[in-house]
Each structure stands twice: as C-alpha cells, then as structure tokens.
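Okay, here's what each chain looks like letter by letter:
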Amino acid sequence: MTIQSEIQRLARSRDAVILAHNYQRAEVQEIADFTGDSLELARKATQVQASTIVFCGVYFMAETAAILNPGKTVLIPNPDAGCPMADMITAEQLRAMKAQHPGAKAVCYVNSTAEVKAECDMCVTSGNAEKVMASFSADQEIIFVPDQHLGSHVASLLGRKYLLWPGYCPTHARLTAAQIEAARKAHPGAVVMVHPECPADVRAAADRQLSTGGMCRFARESPDTEFIVGTELGILHRLQKENPSKHFHQVSDSLICPNMKKTTLESLRDALAENKTRVTVPADIAVRAARAINAMLGCAS
Ligand code: 13P
Ligand code: SF4
C-alpha cells in the first residue's frame, strides 16, 4: 500500500478532512482535500462537515481552525511548525501598546497567536486586509500587529497611517529589489507578483502585491503567460499545475519557509493514525479571539 492510500484510508476512517496551505510540499498539497491561502482555509474550516480537520500549515492556522470550530478535533501533523512572525509579539506587549493609545483599535494579521487575537478588535489576512481596513473610518487610530510590511502596504493603499509593530516574516525579508530587477532582466515582459509581507522597496519593484490565493487567481485570469513569483516556493506547484501552458519563475531559490516544510506525508499519516497533535485553545481566549476573526469574516464576505 502506498503512503498516499494509507493516508486516504485513515482519513476516511477518522472522518477527517485534510486542509493544506499553498506553501506546503507538493506531495502534501496533492493529498489534501483543499489547498488555499490563510483566508480561504479559515473559511473552509467553518464549512466542512467532517468531525476532524487535519491542518497542514503552521500553528496559527490550525489554531484559527480550532477557534472557529470548538466542537471539532483539529490536528497538526508537526506541532513545531510555528510562524516566527506570529511569535514576534506577545499579548502582554500588545496590552502595553494599547495602554499607551487608549483610543486606538487593535488589528492583528492572522499570522498571530490566539492570545494576541484575543486582544484585538479585528483580524485581517493578506487576502482581505485592504477591504477590511477600509471599513474603519479614516480618523480612527489603529494599532497594527505584528507585520510592519503588510501594515505599511495597506496604509499606503488607503492613504492612512497606522501604529505598526516591527514584526516581519524572515522568509520574505530575504527578498531584495535587486533580485526582482535581475529576474526582470532574465525574463523580460514577465509580470512580477510579490507577497505583501515583502519589504516596501521589493513591493515597489513588483507589478502586483498579492496574497497566495490572489496570485493563483491572478495567474489563472490574466492574459499574461509569464510570471516572476516573489513568495515561498511551495506555491509554484499549484501555479504550474493550474496553468500548464504558462511559465512561472521563482525570484530566488532561498525563499523557503522551513516551518511550512515540516509537514511531510509521514507526519500526516502518523497524525491520522495516532490522532495527534490536537490543537486546543483555552475557552476564554478562544471566545475573544473568535470575535476578531468573525468580525473579519463578516466584513470581507
Ligand atoms: P497567505 O494568506 O497569502 O496564504 O499568506 C500566509 C503566509 O503565511 C504568508 O507568509
Ligand atoms: Fe510565517 Fe513567513 Fe512562514 Fe508565512 S512564510 S508562515 S509569515 S515564517
């Protein structure tokens, strides 16, 4: 029996659905029931009938699924798959910042811990941040955590100013504007797509700043046939699979999120076989975090 058929058999016997982020290994994306960006996966987690969700992604994503589904079992194949950006601010640090700005609303990127979400009025993902942030009045003071780059990207799109926490994604921070220019020279005419987690000069050097789901949609719908991709390289699998006649070039081979790669077919099989590792959030935190996530889902639907 192949490991793939073993996973499928175990998933059936556990009444489990497998969700995978666009940065997962190709073989993990292939076995998943649904692949998507953070927003699509958060939405999917609220719609599935299965009693168990196996989340192939990083911890905050599985935690979000657990917050939205208190009655379901949420498993993460490798509990060490964290997001360093999410760990760049604690709830205590956010409370201190809120105390300094008593009139401000607190907004968190979904790449944050449940404890930080519980302190926030609103959550956003890279797929809906512009739409959700536009729902605040222009004169509302906003604390935006933890990603300074997504925060400054949305602030400049909307012509607003936010109090930004200096967090960042170590993977996207490695990308430089010089690498974008070199990729343009190597592939003249190709459309450059980067993730809004990239630094400002990299975003400015690109043609489009899109979430991973936004990149998949754009590549599908665009009449263009050649693209330079400035985000984690796991997405290349889906882009190429969905658009076999188009060409995709990675800006840099070093754009690998080591945490996204911690989930393997073996760890997925073991998670299903042993019903591990269950992701739980204390009820008092989950209820408060759910308010920020549901405010986002209601606002951006
Ligand atoms: P997306 O929501 O665009 O999939 O991004 C998640 C993420 O962690 C990017 O680094
Ligand atoms: Fe976190 Fe960056 Fe990895 Fe996304 S790519 S999960 S932001 S470390």
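In the block above lies the structure referred to throughout.
So, a few notes on the structure that sits alongside this text. (Residues numbered from 1 in each chain as written. Chains lettered and ligands numbered in written order. Predicted model: local features only at pLDDT ≥ 70, side-chain atom pairs only at ≥ 80, totals over all residues. Heavy atoms only, no water.)

### Things to note about the pairing of strand β5 (residues 105-109)
Alright, step 1. The element β5 is extensively covered by neighbouring structure, given that four of its five residues are classed as buried.
Alright, step 2. Bridging between β5 and strand β7 (residues 142-145) involves four bridges; their strand directions are parallel. Residue pairing for β7: Ala 106 is matched across the bridge by Ile 143.
Alright, step 3. With three bridges connecting them, β5 and strand β6 (residues 122-124) associate as parallel partners. In the strand pairing of β6, Val 107 is matched with Met 122. (Buried < 20%, exposed > 50% of the residue type's maximum accessible area, 1.4 Å probe, protein only. Helix = DSSP H or I, 4+ residues; strand = E, 2+ residues; numbered from the N terminus. Pairing = 2+ DSSP bridges.)

### Description of unusual backbone geometry
Glycine aside, residues mostly have negative phi angles, and peptide bonds mostly take the trans form.
Alright, step 1. The amide bond that connects Val 145 to the next residue, Pro 146, takes the cis arrangement and shows omega of -15°.
Alright, step 2. The omega torsion of the bond from Lys 276 to Thr 277 falls at -10°, within 30 degrees of zero and hence cis.
Alright, step 3. At Asp 15, a residue that is not glycine, the phi angle is positive and equals roughly 55°.
Alright, step 4. With respect to the helices and strands, Asp 15 occurs in the loop between α1 (3-14) and β1 (16-21).
Alright, step 5. Of note, Asn 275 is a non-glycine position whose phi angle comes to about 55°, a positive value.
Alright, step 6. Structurally, the position occupied by Asn 275 is in the loop between α13 (265-274) and α14 (283-299).
Alright, step 7. Judged by relative accessible area, which is 37%, Asn 275 ranks as partly exposed.

### Quick look at the side chain of His 153
Alright, step 1. Relative to the helices and strands, His 153 resides in helix α8 (residues 148-158).
Alright, step 2. Here His 153 is in contact with Pro 196, Arg 203 and Gln 209, once residues within four sequence places are set aside. (Contact = heavy atoms within 4.5 Å.)

### Observations regarding the side chain of Thr 35
Alright, step 1. Within the secondary structure, Thr 35 is located in strand β2 (residues 34-36).
Alright, step 2. Residue class for Thr 35 comes out buried when judged on its relative accessible area of 17%.
Alright, step 3. The residues contacting Thr 35, other than those within four sequence positions of it, are Ala 20, His 21, Asn 22, Gln 29, Leu 41 and Arg 238.

### Overview of helix α3 (residues 38-47)
Alright, step 1. Buried within α3 we find Ser 38, Leu 39, Glu 40, Leu 41, Ala 42 and Ala 45.
Alright, step 2. Between the side-chain oxygen of the N-cap and the backbone nitrogen of Leu 39 there are 3.1 Å, and the N-cap of α3 in question is Asp 37. (Polar contact = N/O pair within 3.5 Å; in protein donor to acceptor, adjacent residues only side chain to side chain.)

### With respect to the site of ligand 2
Alright, step 1. Close contacts around ligand 2 come from Tyr 23, Val 58, Cys 83, Pro 84, Asn 111, Cys 169, Glu 197, Cys 257 and Met 260, and that covers them all.
Alright, step 2. Its residues assigned to classes, the shell around ligand 2 comprises seven nonpolar, one polar and one charged. (Near = heavy atom within 4 Å. Nonpolar A, V, L, I, M, F, W, Y, C, P; charged D, E, K, R; others polar.)

### Description of the site of ligand 1
Alright, step 1. In the neighbourhood of ligand 1, the contacting residues comprise His 21, Tyr 23, Asp 37, Ser 38, Asn 111, Ser 126, His 172, His 195, Glu 197, Ser 211 and Thr 212.
Alright, step 2. Within the side chain of Ser 126, one N or O atom sits 2.9 Å away from an oxygen atom of ligand 1.
Alright, step 3. The contact in question runs from an oxygen atom of ligand 1 to an N or O atom on the side chain of Thr 212, over 2.7 Å.
Alright, step 4. When the free accessible area of ligand 1 is taken as 300 Å², the share hidden by the protein chains comes to 96%.
Alright, step 5. Along the lines of polarity and charge, the residues of the shell around ligand 1 split into one nonpolar, eight polar and two charged. (Areas by Shrake-Rupley, 256 points an atom, 1.4 Å probe, with all protein chains shown as cover.)

Treat this as a map of the structure, not an account of what it does.
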